[in-house]
Amino acid sequence: MIPPANSTAADFPVAGARLRAAGAADSVALAQLAHSAHSHPWSERQYLDSLEAGHATLLLESAAGELIACCVVSQLFDEAEILDVAVAPRWRRRGIARALLQQVIDRLPEGTSRLLLDVRASNEAARGLYAGLGFVEDGVRRNYYPATGGGREDAILMSCAL
């Protein structure tokens, strides 16, 4: 995946939003976004490790520079995998995640045959979003995610043929 270099994202439902590639200097902000958006967020170190591993990380920022959303994608041969998607709580329910994921799909290298992801079984909103983008449920990874209270939660494996 080739992230855009400081491009204006006209396809986003936020006036003046800008989509850009993340770098190591963004790891603190990414971790803060994840902390606000997820029950079990990635740490600053995990974002740094992901960037160092060569995973593409796209950031969506407001015109004022506020981090609205991010998406981390790994590419291996002819498949890509979404590793993380986060939208800041105050920006949710505006179509941002859908627009961001569509931008990710549109920017995948030619020859990418399939896009993969996993999602918490309880995350009905995300599952609906992914289904609306053409993802299908392929299986279940039992007790994959940590859950609140110390338990575990299943992951639903999803894919989208491109």
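One structure accompanies this document, and this report is about it.

Rules of the game
- Residues numbered from 1 in each chain as written.
- Predicted model: local features only at pLDDT ≥ 70, side-chain atom pairs only at ≥ 80, totals over all residues.
- Heavy atoms only, no water.
- Helix = DSSP H or I, 4+ residues; strand = E, 2+ residues; numbered from the N terminus.
- Rg over C-alpha atoms; globule rule 2.2 N^0.38 Å.
- Buried < 20%, exposed > 50% of the residue type's maximum accessible area, 1.4 Å probe, protein only.
- Contact = heavy atoms within 4.5 Å.
- Areas by Shrake-Rupley, 256 points an atom, 1.4 Å probe, with all protein chains shown as cover.
- Polar contact = N/O pair within 3.5 Å; in protein donor to acceptor, adjacent residues only side chain to side chain.
- Salt bridge = Lys/Arg side-chain N within 4 Å of Asp/Glu carboxyl O.
- Core = buried A, V, L, I, M, F, W, Y, C linked by side-chain atoms within 4.5 Å.
- Disulfide = S-S within 2.5 Å.

1. A few points about the overall build of the protein chain
Along the backbone of the protein chain there are 4 helices and 8 strands. Across the protein chain, helices and strands are ordered from the amino to the carboxyl terminus as β-β-α-α-β-β-β-α-β-α-β-β. Over its C-alpha atoms the protein chain spans a radius of gyration of 15 Å, differing by no more than 12% from the 15 Å that the globule rule assigns to 162 residues. Structurally, the protein chain occupies a C-alpha span of about 40 × 40 × 30 Å along its principal axes. Expressed as a percentage of the 162 residues in the protein chain, the buried residues total 46%. Excluding contacts between residues fewer than 6 apart, the proportion of contacts in the protein chain whose partners are at least 24 apart in sequence is 58%. Accessible surface for the protein chain amounts to roughly 8,300 Å². Of this, 50% is attributable to carbon and sulfur atoms.

2. Remarks on the side chain of S27
If you trace the backbone, S27 turns up in helix α1 (residues 27-37). S27 sits in the buried class, given a relative accessible area of 2%. Within polar-contact distance, the side chain of S27 engages the backbone oxygen of A24 at 3.0 Å. Discounting chain neighbours no more than four positions away, the residues touching S27 are E44, Y47 and L48.

3. Remarks on unusual backbone geometry
Across residues other than glycine, the phi torsion is negative in most instances, and most of the peptide bonds are trans. Phi angles above zero are rare outside glycine, and F77 is one such case at about 55 degrees. Tracing the chain through its elements places F77 in the loop between β4 (67-76) and β5 (79-87). According to the relative accessible area criterion, F77 is exposed, its value standing at 76%. One non-glycine residue with positive phi stands out, namely N143, at about 55 degrees. When you line up the elements, N143 lands in strand β7 (residues 136-146).

4. A few points about the pattern of salt bridges
Evaluation of the coordinates by the stated rule reveals 12 salt bridges. A salt bridge links R18 to E61; its shortest N-O distance comes to 2.3 Å. With R18 in strand β2 (residues 18-21) and E61 in strand β3 (residues 56-61), this pair connects stretches of sequence that are 43 residues apart. Residue E61 is classed as buried on the basis of its relative accessible area of 8%.

5. Looking at the nonpolar core
Judged by nonpolar contacts, the single largest core of 48 residues is most densely connected at L60, C71, I82, I96, L101, Y130 and F135. Among all residues touching L101, those that are not within four sequence positions of it are C71, I82, V85, L129, Y130 and L133.

6. Considerations on the state of the cysteines
Throughout the structure, instances matching the rule amount to 0 disulfides. You can see C70 has no disulfide; the closest cysteine sulfur is in C71, sitting 7.3 Å from it.

Scope: geometric values only; no functional claims are made or implied.
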